[in-house]
Amino acid sequence: MTAPIRVRYAPSPTGYPHVGNIRTAIFNWLFARHQGGSFILRLEDTDLARTVEGAAEAILESLLWLGLDWDEGPEVGGAFGPYIQSQRLPLYHETAGRLLRQGAAYLCYCSPERLDQMRAEQARRKQPPGYDRRCRELSPDERKALESSGVKPVVRFKIPLEGQTTFTDIIRGEVTFQNSTLDDFVLLKSDGYPTYHLANIVDDHEMQVSDVLRAEEWLSSTPRHLLLYAAMGYEPPRFAHLPMILGPDRSKLSKRHGATALLEFREQGYLPEAMLNFLTLLGWSLDDHTELMSREEIVSNFSLERVSQTAAIFNHQKLEWMNGVYIRHLSPDEFTRRMLPFLEKGLPPEVTRPVPFEYARRLAPLIQERTKTLAETVALTDFFFVEQLQYEASLLLDKGLSREMAIQALKTARERIETLDQFDSASLEGLLRPLATGVGMNASGFFGLLRVAVTGRKAAPPLFQTMEALGRQRCLDRMEMALAGLQR
RNA sequence: GGCGCAUUCGUCUAGUGGCCUAGGACGCCGCCCUCUCAAGGCGGAGAUCACGGGUUCGAAUCCCGUAUGCGCUACCA
């Protein structure tokens, strides 16, 4: 019987998680769900200085929004808690102490200033940077002197001076590092907090993590971690280093690249199911043609074997297309429910709140197939809600239409609409289509004129349905306004 | 600079020695549909598989080298 699959997503609350970060969470979650294993969430808040207020909440919210549920972690607990590293300090101290006693680690008294100087010197002489191990073999006298000087030491790991460390990465195959290229990294900082390296191996071991799925940027640290596992006598987990997600300039994703935090996509009106599908495809594929997949389909098909080795550039246009597809697949009711918060937030303040569901529901069929993001529904529907349309009268005179012709056409249309029996799209079409020739215009031009009069814009949903949704009185009022604009 | 990883259309990717005169998708272009805008349908342009050597009857696929890109090189994760 093999050990159960246990994976973890271990973000640090130093900012709002961006899409690259979240993609790592997605792959971990998919792997766990596909394998019937456990998905653990662990907060790595060991850097006091960089911790950002609200970031931890944003992490949980991001996962929740995408529907990535965790089996163990903050909020839900679990048998291996606590799942917040700042609450596990004694564990790290204990491990550091043991390493110290074994002679696998040592106290280092070098000041940050000295280390800076050392690095500058190394750079100047074009030597490989890294701690020069000054404190590695301190004599008892030297140690005593430094201790009494009052400086708070850090604990450093003693990297073996010779040999090599090799491991098999699930995605990249065999990778080898010469130990001589590794330096004595810090395990415990002088403020008593562990570094990532220490906390990471202690917790992954304690929490019985079977597979570490993390971004490629960690590949270079893996030999250090392996050496640590060995020093502790722990069996290391399997490793899989996932390809990174890059900005359009091919560099590591950052704020520079604009909206990259996952929750910003929610603000912009992207659907979580579309985000999940799209992000999964950044680095994983099912075959040579399947792209649209439900959460269930992805879970049942996911495997690390099909994860790509190459970093991917985030293609915003493709996301937008995919979001549009997902929006079109929504039922009209569901579409309405999802757009309502955006209308509440985005419509001009003079529009009365709350925006009625029933009316929004009537508009849904008119705009659903033309919306790519929910945020766009505001611009797509605002003329249904505002009292006063704002547009240049010249917009009415498209394609060389004369003022006189337009005025005549609008007057005629208005009179006929006033006396129309039924004000619905079929009746409107029955009336207006033949009327075009009557006013000396072709249908396209006539409808275009009416469209501008009634919506204030040249591109809008189909005219007759739009007019029906607007209602007779508002249509007449707006035609009146258009006439006034033309006659001024 | 050192170490590591990677390299197929602009982008995401399929491809695990012959099915590849390299397939799909987004985007782009054209046509059709059409009251505008979308959506949809059809078609097109777009990759000498980074480059150079091997191995093999045969290489995008295996090996070596070079180039380029990215990552790491903190008392950050």
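This part covers the protein's contact with RNA strand B. Looking at RNA strand B, there are 65 residues lining it, with K252, E291, E369, R370 and R451 nearest. In RNA strand B, the atoms that sit within 4 Å of the protein are 72% sugar and phosphate, with bases accounting for the remainder. Between RNA strand B and the protein, one listed contact pairs a phosphate oxygen with a side-chain N or O atom of Q309 at 2.8 Å. Of all the elements in the fold, those that place two or more residues in the surface near RNA strand B are α4 (112–124), β4 (154–157), β6 (173–178), β11 (312–313), α11 (316–329), α17 (443–455) and α18 (463–470). It is α11 that provides the largest number of residues to the surface near RNA strand B, a total of 4 residues. Of the residues assigned to the surface near RNA strand B, the class counts are 27 nonpolar, 14 polar and 24 charged.

Attention now goes to the domain arrangement of chain A. Its domain assignment divides chain A into domain 1 (6–85 + 245–316), domain 2 (88–242), domain 3 (330–385) and domain 4 (393–486). Buried area between domain 3 and domain 4, both sides added, is near 930 Å², and the carbon and sulfur share of it is 56%. A per-residue breakdown of the area domain 3 buries against domain 4 is headed by L366, F383 and F384, which together make up 59% of the total. Taken together, the connections running from domain 3 to domain 4 amount to 1 salt bridge. We note a salt bridge from D382 to R457, for which the minimum N-O separation is 2.9 Å. Across the domain 3-domain 4 interface, the total number found is 6 residue pairs in polar contact (both at pLDDT 80 or more).

This part is about the pattern of salt bridges. Applying the stated criterion across every chain, the model contains 31 salt bridges. Between R33 and D69 there is a salt bridge, with the nearest N and O atoms lying 3.5 Å from each other. Taken as a pair, R33 in helix α1 (residues 19–35) and D69 in the loop between α2 (55–66) and α3 (89–102) lie far apart in primary sequence, 36 residues in all. A salt bridge links E273 to R338; the nearest nitrogen and oxygen atoms lie 2.7 Å apart. Of this pair, E273 sits in helix α9 (residues 272–281) while R338 sits in helix α12 (residues 332–346), placing them 65 residues apart in sequence. Given the relative accessible area of 25%, E273 is considered partly exposed.

Further remarks concern the pairing of β4. Burial of β4 is two-sided: the residues V154 and R156 facing one way and the residues V155 and F157 facing the other way are all buried. Where strand β3 (residues 105–108) meets β4, 4 bridges bridge the pair, whose relative direction is antiparallel. What sits directly across from Y106, in β4, is R156. Where β4 meets strand β7 (residues 186–188), 2 bridges bridge the pair, whose relative direction is antiparallel. Considered in β7, the bridge of R156 is made with V186.

What counts and how
- Residues numbered from 1 in each chain as written.
- Chains lettered and ligands numbered in written order.
- Predicted model: local features only at pLDDT ≥ 70, side-chain atom pairs only at ≥ 80, totals over all residues.
- Heavy atoms only, no water.
- Near = heavy atom within 4 Å.
- Polar contact = N/O pair within 3.5 Å; in protein donor to acceptor, adjacent residues only side chain to side chain.
- Helix = DSSP H or I, 4+ residues; strand = E, 2+ residues; numbered from the N terminus.
- Nonpolar A, V, L, I, M, F, W, Y, C, P; charged D, E, K, R; others polar.
- Domains from an automatic or database assignment.
- Buried area = accessible area lost by both parts, 1.4 Å probe.
- Salt bridge = Lys/Arg side-chain N within 4 Å of Asp/Glu carboxyl O.
- Buried < 20%, exposed > 50% of the residue type's maximum accessible area, 1.4 Å probe, protein only.
- Pairing = 2+ DSSP bridges.

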